[in-house]
Amino acid sequence: MLSTPHLTTTRPTMAQEQAIQSVLKRIPPLWDLTDYVAVNPFLGFSHRPIGEAARDIHDALSASVLPPMRYFKDRIRSHPSIASHIGPAARRLGADAAAIQQSLTTPYAASRPASHITTFAERHDAADGTQWELFLRTSIARYCAVYADGGGTNWPIDRSFNLWNVWHEASIVDRAPDWSGLIGYRQFVATLPNSPQEAVAQVLSDIELPADDLDPYLYRLIGGLFGWASYFRRASWSDQTIKSDPLFDLLAIRLCADAFFAAHDGKGSPIVAQTGDDVEDETIRLALQEAVEDHYVTSIALKFRPAAPTATRPAVQAVFCIDVRSEVFRRHLEALDPSIVTMGFAGFFGVSLNVESGSARCPVLLKPSINVSLMGLNDSKWKSAFKRIQLMPPTAFSFVEVLGAGYGVKLLKDTCAGASTMDPETTASFATPDQSHASRVATAGFILKNMSIARPLARLVLLCGHQGRSANNPHAAGLDCGACGGHGGGINARVAADILNDPRVREDLALQGTVVPDDAHFVPGVHDTSDDTVYLMDTHLVPSTHREDLARLKMWLEQAGKATRAERAATLGIINQPEPAGLLQRLKRRARNWSEVRPEWALARNACFVASRRSRTRGVDLGGRSFLHDYDHAADTDASVLKLILSAPMVVASWINLQYFGSTVDNDLFGAGNKTLHNRIGRLGVVLGNGGDLRGGLAMQSVHSPGGAWYHEPMRLQVIVEAPVEKIDRVVNAVASVRDLVSNGWVRLFALDPDSNEIQHRAGSGVWETVTQHGC
């Protein structure tokens, strides 16, 4: 017999409100498909040590943060020298090295123990053999999709309604639960208040959950729809003043739906007692993780080269995005001629753009400051309407089926044709009407200072953004530039070059002490990471005096592209390589192939962030695993450039790194599952099959090899800065977000001595320790 909740007008108590806000802040934000960028799935735990967070996440969500013991045993078996790093890693963490060694010789469980934290619906399912928890999640996910899309183009939702209103009113009349056997559910929902705050207060009062169980129980509830929670988290993450928080509404819905089973089965906590055998020791796995990473860092330390200042003017300076895919191309480009110098800088090139209406081309940590209008990009009316139909949620699941053979012809044509070579944004004319001359001068000064570009400038300076190519891929934006908000970086390179080539800007820069030679010309380019070609843009603006320089640069870029493609082919399973021209065409077709689940590996296997002079890494094969940012500590007397590097590009790189980490270790929660089962929910995201939770991370095919083994090696970002430890400490201690990442073990920070290859590691306590071949 169901008990009827008593009516109340109260709000949650202060203690309950604190628990609610604490839980909601653990959820990371998620961007929609058009602006999809990598996000650290553990962002809400960055203020806590990684070991503690790993235990809490597993206990509440049954999810893994650290790799399983099987992974570490396999790594040590294939690289026995890792074992020598276990002792120092254990000492650093205060763990028992002998116990860790012993754990490597004992059998390991095939899977982690199930969480001891459950919902009331899960408790009911366990007792009766039902699946009502899954039913509720699936049902609520549908309401999330309808609300997030605004009801669609033809059935808009009244925006005076919040998510709670949509669910509450519809659930009272929705008979699907009755038909499924959930008798009395509609009547229960009807007794709930119209206000989500009052409903939460009422339900928490009725179920009488023990105070200590409230936090993990609420986290379990919201984590049950982790993807939709992340999507709604973006609203409060971006705007702390929003009046109606859909994430709170989602938690209220989950809580009230679950309370039906508390009323049905009786009160009492659904959280079962935890025994010592239920928990795998996170400290052991964390120590092994550090040992694996120590082994990697010591191998990097042996490769750094002595500083070698450039005495003569370079023939060309090529500035690439710090993206790990650029490392391979830069290495092959520089190998062609000693007069070629490459540098690394965030791929938005210091210009935070708002392209057309609301498309931000800058890191999500920043706000666009320059509006750019593009001309000549409008599609025909029929094509625009066609695209809108394709992206509407009601047709997203059946688009190809409805069009039938006609769309099959298009898919066949796309498969056989070569990929288009230029993004329209790389050729369309643009205007920046809202940027004043003073703003352009300030932007130019910011770029030249923070780029750490060496003097004298070359006659040609290439600003090379990057973009990916992928057909039939909802997460195609994930192949583009994270520093450009999940878009290609071509337009950013063009705007930056336009500013830096402006004679009036150069005149005012000279008055401020920054001299740009009259014969130095900035040319924009874009690196297509799917086939490793570099396209030069706005070449008609290159002075006639630089035509030979331009022709030579094009030749070098073509040769570097051939070498990069040859190196990359084996990782894509192309063993018997065709001739260079044939390999290029094969990669172009691969990017255009609608059935290709791995058009490229993107940033898989990323592991390291190096901020140093390029001479320290020039000619060093870093395996396409390192973000390379140029930094000259001697020129950065006030540490302002280092502060910017560690608080912006390094943080973005850590988001990328931890997204790949989480998607590899636990793809079920932090990843996106099997790409072949994806269905789009309009522009919002993807689900597996015909519904359920939004999937926010990376697909298995982005981190797993075709045989199922991990292609991405889950390592935290190893941040190596060429600077004295005192300067690094000054920055870390001044920026709370950076200090949290370092002190709590979400990234690992190292100092490369400017005058030697000595590397020191900054422990969580802030103490620096010298790295040796056996660890710190």
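Along each chain, the written sequence defines residue order, and numbers are assigned to residues from 1. The predicted nature of this model means local features are confined to residues of pLDDT at least 70 and side-chain atom pairs, given and counted, to a pLDDT of 80 or more, with totals for whole chains, interfaces and linings taken over all residues. Note that the side-chain values use all heavy atoms of the structure and ignore hydrogens as well as water.

**So, the packing of aromatic side chains**
Working step 1: Pairing of aromatic rings covers Phe, Tyr and Trp, the last counted by its six-membered ring, and requires centre-to-centre distances within 6.5 Å; plane angles under 30 degrees mean stacked, over 60 mean edge-to-face, and any other angle means tilted. Here the structure, examined in full by the defined rule, presents 21 aromatic pairs.
Working step 2: Chaining the aromatic ring pairs together yields one cluster made of Phe-42, Phe-226, Phe-670 and Trp-746.
Working step 3: The criterion for a charge sitting over a ring is simple: Lys NZ or Arg CZ within 6 Å of the ring centre, and within 35 degrees of the ring normal. It is Arg-26 that lies over the ring of Tyr-219; its NZ or CZ is 5.1 Å from the centre.
Working step 4: Sitting over the ring of Tyr-231, Arg-234 keeps its end group 5.9 Å from the ring centre.

**Section: unusual backbone geometry**
Working step 1: With phi around 55°, Asn-472 is a residue other than glycine that occupies positive phi space.
Working step 2: The classification of residues rests on relative accessible area computed with a 1.4 Å probe and restricted to protein chains. Under 20% of the type maximum is buried, over 50% is exposed, and intermediate values are partly exposed. Note on Asn-472: relative accessible area 57%, which makes it exposed.
Working step 3: Unlike most non-glycine residues, Ala-602 shows phi in positive territory, near 55°.
Working step 4: Strands here are runs of E lasting at least two residues and helices are runs of H or I lasting at least four, both read from the DSSP assignment and numbered beginning at the N terminus. Summarising the element assignment, Ala-602 is placed in the loop between helix 25 (580-592) and strand 10 (608-612).

**A few points about the environment of Ala-736**
Working step 1: As for its placement among the helices and strands, Ala-736 is situated in helix 31 (residues 736-743).
Working step 2: For Ala-736 and Ser-647, which are 89 residues apart along the polypeptide, the C-alpha to C-alpha distance reads 9.3 Å.

**Description of the sheet that holds strand 8 (residues 521-528)**
Working step 1: Paired strands are those between which DSSP finds at least two bridges. Strand order in the open sheet formed by five strands is 2-1-7-8-9, with mixed pairing between adjacent strands. Both edges of this open sheet fall to strand 2 (340-345) and strand 9 (533-536), since each of them pairs with a single strand only. Between one strand axis and the next, the sheet turns by 25° as a mean value, whatever way the strands run.
Working step 2: The pairing of strand 8 with strand 9 spans four bridges and is antiparallel. The partner of Asp-528 across the bridge, within strand 9, is Thr-533.
Working step 3: Residue contacts are defined here by distance: any two heavy atoms, one from each residue, within 4.5 Å place the two residues in contact. Lines fitted to C-alpha atoms define the axes here, with helix axes fitted over just the stretch in contact, and angles between the N-to-C directions of these axes take values from 0 to 180 degrees. Relative to the sheet, helix 22 (residues 490-500) contacts strand 7 (460-467) and strand 8, its axis offset from that of strand 8 by approximately 175°.

**Focus: the side chain of Asp-532**
Working step 1: By the secondary structure assignment, Asp-532 is in the loop between strand 8 and strand 9.
Working step 2: The term polar contact refers here to a pair of N or O atoms within 3.5 Å; inside protein, the definition further demands a hydrogen-donor-capable atom paired with an acceptor-capable atom, and it admits residues adjacent in sequence only when both atoms are side-chain atoms. At 2.6 Å, the side chain of Asp-532 forms a polar contact with the side chain of Arg-568.
Working step 3: Contacts of Asp-532, omitting those with residues within four sequence positions, involve Phe-329, His-527, Gly-561, Thr-564, Arg-565 and Arg-568.

**A few points about empty space enclosed by the protein**
Sizing a probe to match a water molecule and rolling it over the atoms shows the empty space that remains.
Working step 1: Points on a 1 Å grid over protein atoms alone make up a cavity when a 1.4 Å probe fits among them but cannot get out, and a pocket when they form an open set with protein on both sides within 12 Å along at least five of seven lines; lining residues each have an atom within 4 Å of a point. Grid points are joined across faces, edges and corners, and a volume is the space filled by probe spheres set on the points. All told, the structure shown has five cavities of 30 Å³ or more when counted by the stated rule.
Working step 2: Counted as a void, the largest cavity has a volume near 180 Å³.
Working step 3: The wall of the largest cavity is formed by 18 residues, among which His-475, Leu-479, Lys-675, Leu-698 and Ser-702 lie closest to the centre.
Working step 4: Across the lining of the largest cavity, the residue classes break down as nine nonpolar, six polar and three charged. Classes in brief: Ala, Val, Leu, Ile, Met, Phe, Trp, Tyr, Cys and Pro nonpolar; Asp, Glu, Lys and Arg charged; the others, Gly included, polar.

**Considerations on the confidence of the model for the chain**
Working step 1: One confidence number per residue, pLDDT, is output by the predictor and ranges from 0 to 100. Averaged over every residue, the pLDDT of the chain is 88; residues scoring 70 or more account for 87%.
Working step 2: Residue range residues 380-386 is modelled with pLDDT below 50. Its contacts to residues more than four positions away, or to other chains, number four contacts.
Working step 3: Counted against residues more than four places away or in other chains, residues 393-397, with its pLDDT under 50, gives 15 contacts.

**Structural notes on the sheet that holds strand 6 (residues 430-431)**
Working step 1: The strand order across the open sheet formed by four strands is 4-3-5-6, and the pairing between neighbours is mixed. The open sheet has two free edges, formed respectively by strand 4 (359-361) and strand 6, since each of these has just one partner strand.
Working step 2: Inspection of the sheet shows strand 5 (residues 370-374) paired to strand 6 by two bridges, in the antiparallel sense. Counted as the bridge partner of Ser-373 is Ala-431 from strand 6.

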